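# Working through the structure, step by step
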Amino acid sequence: SFNPRAVLVTGGAGFIGSNFINYFLPANPGCRVINLDLLTYAGNLENLIGVENDPRYHFVKGDVCDARLVAQLLAEEKIEAVLHFAAESHVDRSISGPEVFVRTNVLGTQVLLEESRKHWSSESVSQFRFLQVSTDEVYGSLGSTGYFTEETPLAANSPYSASKAGADLLVRAYHETYGFPTLNTRCSNNYGPYHFPEKLIPLMIHNIIAKQPLPVYGDGLNVRDWLHVRDHSAAIETVLKEGRLGGVYNIGGNNEWKNIDIVNLVCDLLDERLGRSPGESRRLITFVKDRPGHDRRYAIDASKIKQELGWSPSYTFERGIAETIDWYLANQKWVAEVTSGAYRDYYDNQYGNR
Ligand code: NAD
């Protein structure tokens, strides 16, 4: 088993990166965590108040495209693993402005790979891993049956997923070409605390509480597989420590839901908690024009990580979604902060709420 003494987490102030650090740091007392994050609209240091005073944790504000900074951090901090979460991550934003997705997701990954490869081949570290955190969206869309396996050809349909697929192929190329020790995970949709309220579940929670319209794309019948972010974090740790070098691992919850069913469920759970009459929040549902190129169904076959590495999810969806709703209700201050300022303009533009 691989047990690094110092890891560089990129994008650690975002939704999944911050949940990963909150999980990984206490679970690995022999390891330091350096968090490199540019603090774009999606990055929020409030997500990390639980670890910010830990002497094994260190935050650095910066860009993954900055080769000098990356090289300096790798050397000075004697980094033994890079866990690469940093990305532009919202499909809708990639449709209105794809350029930054190519810059951050493709170029940023190449810069990290190249500086990590130099660091690794300089033999200043005795052991090294580069773990690319990716998404099932690189596989494109499924019909009503079938599953994505690790052998499914990449067929990205949005600028977001195309940029992630480009990055994944660079990771593959660094392993094939240079023998560089890479790992690549591809996970289904995550939910849980600290999820930015532009994404489906937190957006619905936010709008239900505020009695605002609940925008649902098209007919609401698009299917996604949902996994609790803590299960994703544990899967990433498992792949880091036990994964086969050069390997790709799908991560999923075996938990398919139609968008409209998720929205109805969140409505009903919140009606209960807010003391509203049954069905009240469902009346806020508003079907809006479908997202262009909207993938119909994603479903992950996660049998490889289960059979090879023994990982499987520990949350049931019932427990995970109820806990997530309670977290949002208890953390309205966090929501208010992340929905102010620059995000507000984007949100208004997108959904016409004023
Ligand atoms: P997020 O948008 O919440 O967070 C991204 C973080 O990256 C932010 O903190 C942001 O400030 C930072 N960042 C952006 N550009 C940067 C740059 N140039 N340099 C340094 N930092 C930068 O995203 P997320 O939902 O936490 O996703 C994290 C990773 O997981 C992404 O690579 C995404 O593709 C992947 N993923 C996400 C999901 C999901 O359901 N959210 C599912 C599978 C895979």
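Keep in mind it's a predicted model, so treat the numbers as computed, not measured. (Residues numbered from 1 in each chain as written. Predicted model: local features only at pLDDT ≥ 70, side-chain atom pairs only at ≥ 80, totals over all residues.)

Along the protein, the regular secondary structure elements total 12 helices and 12 strands. Here the C-alpha atoms of the protein give a radius of gyration of 20 Å, agreeing with the 20 Å that 2.2 N^0.38 yields for 354 residues. C-alpha extents for the protein along the principal axes are approximately 65 × 45 × 40 Å. Across the 354 residues that make up the protein, the buried fraction comes to 44%. In the protein, of all internal contacts separated by at least 6 residues, the share reaching a separation of at least 24 is 83%. (Helix = DSSP H or I, 4+ residues; strand = E, 2+ residues; numbered from the N terminus. Rg over C-alpha atoms; globule rule 2.2 N^0.38 Å. Buried ≥ 20, exposed ≤ 12 C-beta atoms within 10 Å, placed from the backbone. Contact = placed C-beta atoms within 7 Å.)

With that settled, consider the sheet that holds strand S11 (residues 256–258). Across the sheet, 3 strands lie side by side as S7-S9-S11; this open sheet has mixed pairing. Either end of the sheet is taken by a strand with one partner, and the two such strands are strand S7 (189–191) and S11. Within the sheet, the average angular offset between the axes of one strand and its neighbour, ignoring direction, is 50°. Direction of pairing for strand S9 (residues 223–228) relative to S11: antiparallel, over a ladder of 3 bridges. The residue of S11 that forms the bridge with Arg-224 is Trp-257. Along the sheet face, helix H8 (residues 259–274) touches S9 and S11 and points at about 85° away from the line of S11. (Pairing = 2+ DSSP bridges. Axes fitted to C-alpha atoms, helices over the stretch in contact; angles between N-to-C directions.)

Read across the sheet, 7 strands follow the order S3-S2-S1-S4-S5-S6-S10 without closing on themselves; strand pairing throughout is parallel. Here the strands that pair on one side only, and so sit at the sheet edges, are strand S3 (57–61) and strand S10 (247–251). Each neighbouring strand pair of the sheet contributes to a mean axis angle of 20°, computed without reference to strand direction. Lying over the sheet, helix H7 (residues 229–242) contacts strand S4 (81–84), strand S5 (129–135), strand S6 (182–187) and S10, oriented at roughly 160° with respect to S6.

Near the ligand, the surroundings consist of 30 residues, among which Gly-11, Gly-14, Ala-42, Gly-43 and Ala-87 are the closest. Mapped by element, the contributors of at least two residues to the shell around the ligand are helix H1 (15–27), helix H4 (99–121), S5 and S7. Partitioned by chemical class, the residues of the shell around the ligand number 14 nonpolar, 13 polar and 3 charged. (Near = placed C-beta within 6 Å. Nonpolar A, V, L, I, M, F, W, Y, C, P; charged D, E, K, R; others polar.)

Let us look at the environment of Leu-154. Inspection of the secondary structure puts Leu-154 in the loop between S5 and helix H5 (159–178). A residue is classified by how many C-beta atoms lie within 10 Å of it, and Leu-154, with 17 of them, is partly exposed. Leu-154 sits 33 residues away from Cys-187 along the chain, and the two C-alpha atoms are 14 Å apart. Those residues in contact with Leu-154 that lie beyond four places of it in its chain are Val-138, Tyr-139 and Ala-165.

Moving on, we come to the environment of Leu-48. Topologically, Leu-48 is positioned in the loop between strand S2 (32–37) and S3. A residue is classified by how many C-beta atoms lie within 10 Å of it, and Leu-48, with 22 of them, is buried. Distance in space between the C-alpha atoms of Leu-48 and Asn-19 is 8.3 Å, their sequence separation being 29 residues. With residues up to four places along the chain from it excluded, the contact list for Leu-48 reads Ala-13, Ser-18 and Ile-21.

Another aspect to go through is the confidence of the model for the protein. Here the protein shows a mean pLDDT of 94. Residues at 70 or above account for 96%. Model confidence for the protein, summarised as mean pLDDT per element, is weakest for helix H12 (residues 342–351) at 56 and strongest for S4 at 99. (pLDDT = per-residue confidence, 0-100.)

Take the packing of H1 against H7 next. Across the interface, H1 lies against H7 with an axial gap of 9 Å and an inter-helix angle of 65°. Accordingly, the angle class assigned to the pair H1 and H7 is roughly perpendicular. Remark: the crossing between H1 and H7 carries right-handed chirality. Here H1 contributes Phe-15, Ile-16, Asn-19, Phe-20, Tyr-23 and Phe-24 to the contact with H7, which in turn contributes Val-229, Arg-230, His-232, Ser-233, Ile-236 and Glu-237. Class assignment of the residues belonging to the contact of H1 with H7 gives a composition of 7 nonpolar, 3 polar and 2 charged. (Parallel < 35°, antiparallel > 145°, perpendicular 65-115°, else oblique. Left-handed = near helix turned anticlockwise from the far one by under 90°.)

With numbering aligned to this structure, UniProt lists the feature "domain: NAD(P)-binding" (unreviewed entry) at residues 8–324. When the span residues 8–324 is considered, its composition is 40% helix and 18% strand, and the gap between its end C-alpha atoms is 28 Å. (UniProt positions renumbered as here; feature names shortened; annotations may be inferred.)

To continue, consider H5. The end-to-end C-alpha distance of H5, which contains 20 residues, comes to 28 Å, matching closely the 28 Å that a straight helix rising 1.5 Å per residue would cover. Looking one or two residues beyond H5, the residue adopting positive phi is Gly-179, at roughly 70°. (Expected span 1.5 Å × (residues − 1).)

Where burial is concerned, the two faces of S4 agree: the one with Ala-81 and Leu-83 and the one with Val-82 and His-84 are both buried. Pairing analysis gives 4 bridges linking S4 to S5, with the strands arranged parallel. Across the sheet, Leu-83 pairs through a bridge with Leu-131, a residue of S5.

The next subject is unusual backbone geometry. Backbone geometry at Leu-39 places phi at a positive 55°, although glycine is not the residue there. Position of Leu-39 among the secondary structure elements: in the loop between S2 and S3. Positive phi values are uncommon outside glycine, yet Lys-78 reaches one of about 50°. Looking at the element boundaries, Lys-78 is found in the loop between helix H2 (67–76) and S4.

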